[in-house]
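# A structural walkthrough
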Amino acid sequence: AAVGLIVVAAGSGRRLGADVPKAFVPLAGVSLLGHALRGALSSPGVAEVVVVAPPGWTDEAAAVCRWARSQPSAASAPAAATRRTIGVVPGGAERGDSVAAGLAALSPAVSIVLVHDAARCLAPSTVFDRVVAAVREGAAAAVPGVAVVDTIKEVDATGRVVGTPDRARLRAVQTPQGFRRDVLERAHAASSDATDDAGLVERLGETVVVVAGDPLAFKVTTPGDLETAARILAG
Ligand code: C5P
C-alpha cells in the first residue's frame, strides 16, 4: 500500500501578520514549508508528496521541494527517496478545498493518504510513522492527539457555558492525519467543511483512532508561535 502525503500550504497566515503566505515565512533561514517537508521526507513510508500552494506561489513551492529533497535527512530515509515523486498544485479558498485539490493530484498507486499542515512545520517523522502504522494495521483513519491541559468549556452564542466535557476524555489533535484513500475521498465528496479531515470521516460513521501525537507538532499560528519554533530550533 503506497503512502501519499498532501501538505496543505495554501493559507494566507493572516494571524501571523507576515507579508508572504505563512508557508513561506522564514524560520532559522528555511521556510515553514521547507521544515515541514524535511520532517515528512525523513519518514521512510512516504512514497509520493503533493504540496498544495497558494495560487501564484507554485513556482516558489516547487523550489522549496527541490531544496527539501536535497537534504540529508530525506536522502537517508528510504532507498525510495530518489524515486519519490513530489508535485505542486494550487490550493483553494478554504483548507478543505486545498485538501481536495491535493487528493485529486495523487497517483492511482496511492492507497493510504496523509494530510499535513505546513504550519505544523516541526512535526517529527516518528508521528508520521505512527499514523501510517495505524492505517496499515487496519484503521480507516488515524490522527495524532495529545492530552489537553486546560479545562475546556462549551459555550452558546452569548458566551454562556453549556457544558464541561471531562478533560480526561479530550485530545487536542494534530496533523499528519492518515486515511484509507477511499474513505477520505468519500468524506470529501460529501463535504469539505470541517476544521480537520478526520471530522469529515467521522460524519460518514467511520471509526477514527487517536495515536500519540507530539508537542513538537504544534501549529505555528501567531508571531509568538514562530518565536517558540525558533527557540526550539536553536536548542
Ligand atoms: O489557517 P490554519 O492555520 O488553520 O491552516 C492550517 C493549514 O491549512 C496551513 O498549513 C494552511 O497553509 C493550510 N490552508 C490551505 N488552504 C487554505 C487555508 C489553509 O492549504 N485555503
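The structure displayed is predicted, hence computed values, not measured ones. (Residues numbered from 1 in each chain as written. Predicted model: local features only at pLDDT ≥ 70, side-chain atom pairs only at ≥ 80, totals over all residues. Heavy atoms only, no water.)

## Remarks on the nonpolar core
Put simply, the rule is: Nonpolar cores were defined as sets of buried Ala, Val, Leu, Ile, Met, Phe, Trp, Tyr and Cys residues, with membership established by side-chain atoms within 4.5 Å. Relative accessibility thresholds used throughout: buried, under 20% of the residue-type maximum; exposed, over 50%; partly exposed, between the two (1.4 Å probe, protein chains only). Helix and strand definitions follow DSSP, with helices as H or I runs of at least four residues and strands as E runs of at least two, each counted in order from the N terminus. Any two residues having at least one pair of non-hydrogen atoms within 4.5 Å are treated as being in contact.
By size, the foremost hydrophobic cluster in this structure holds 31 residues, and its most contacted members are Leu5, Val7, Leu33, Leu37, Val49, Val51 and Leu114. For this core, the secondary-structure elements that each account for two or more residues are β1 (2-8), α1 (32-41), β4 (46-53), α2 (58-69), β6 (110-117) and α5 (125-136). The element contributing the most residues to this core is α5, with 6 residues. Excluding anything up to four places from it in sequence, Val7 contacts Leu33, Leu37, Val49, Val50, Val51, Val52, His116 and Ala118. One finds Val52, Ala140, Val183 and Val201 within the second-largest nonpolar core, a separate group that totals 22 residues.

## Things to note about the site of the ligand
What counts, and what does not: Whether a residue is near a molecule or strand depends on its heavy atoms: if one lies within 4 Å, it is near. Whenever two N or O atoms come within 3.5 Å, that pair is a polar contact, provided that in protein one can donate a hydrogen and the other can accept it, and provided that, for residues adjacent in sequence, both atoms are side-chain atoms. Note on areas: Shrake-Rupley, 1.4 Å probe, and residue coverage restricted to the protein chains presented here. The definitions used throughout rest on a 1 Å grid laid over the protein atoms alone, on which a cavity is an enclosed set of points accommodating a 1.4 Å probe that cannot get out and a pocket is an open set flanked by protein within 12 Å on both sides along at least five of seven lines; lining residues are those having an atom within 4 Å of a point. More than half of a molecule's atoms within 2 Å of the grid points is what it takes for that molecule to sit in a cavity or pocket. Gly falls in the polar group here, along with every residue not listed as nonpolar (Ala, Val, Leu, Ile, Met, Phe, Trp, Tyr, Cys, Pro) or charged (Asp, Glu, Lys, Arg).
Near the ligand you find 15 residues, and of these Val8, Ala10, Gly92, Ser98 and Lys219 are the closest. Here an oxygen atom of the ligand sits 3.3 Å away from a polar atom, N or O, in the side chain of Arg15. Gly92 is positioned such that a nitrogen or oxygen atom in its backbone is 2.9 Å from a nitrogen atom of the ligand. Contact with the protein chains removes 84% of the 460 Å² of surface that the ligand exposes when unbound. In this structure, the ligand is accommodated by the largest pocket. Classifying every residue of the shell around the ligand by side-chain character gives 6 nonpolar, 3 polar and 6 charged.

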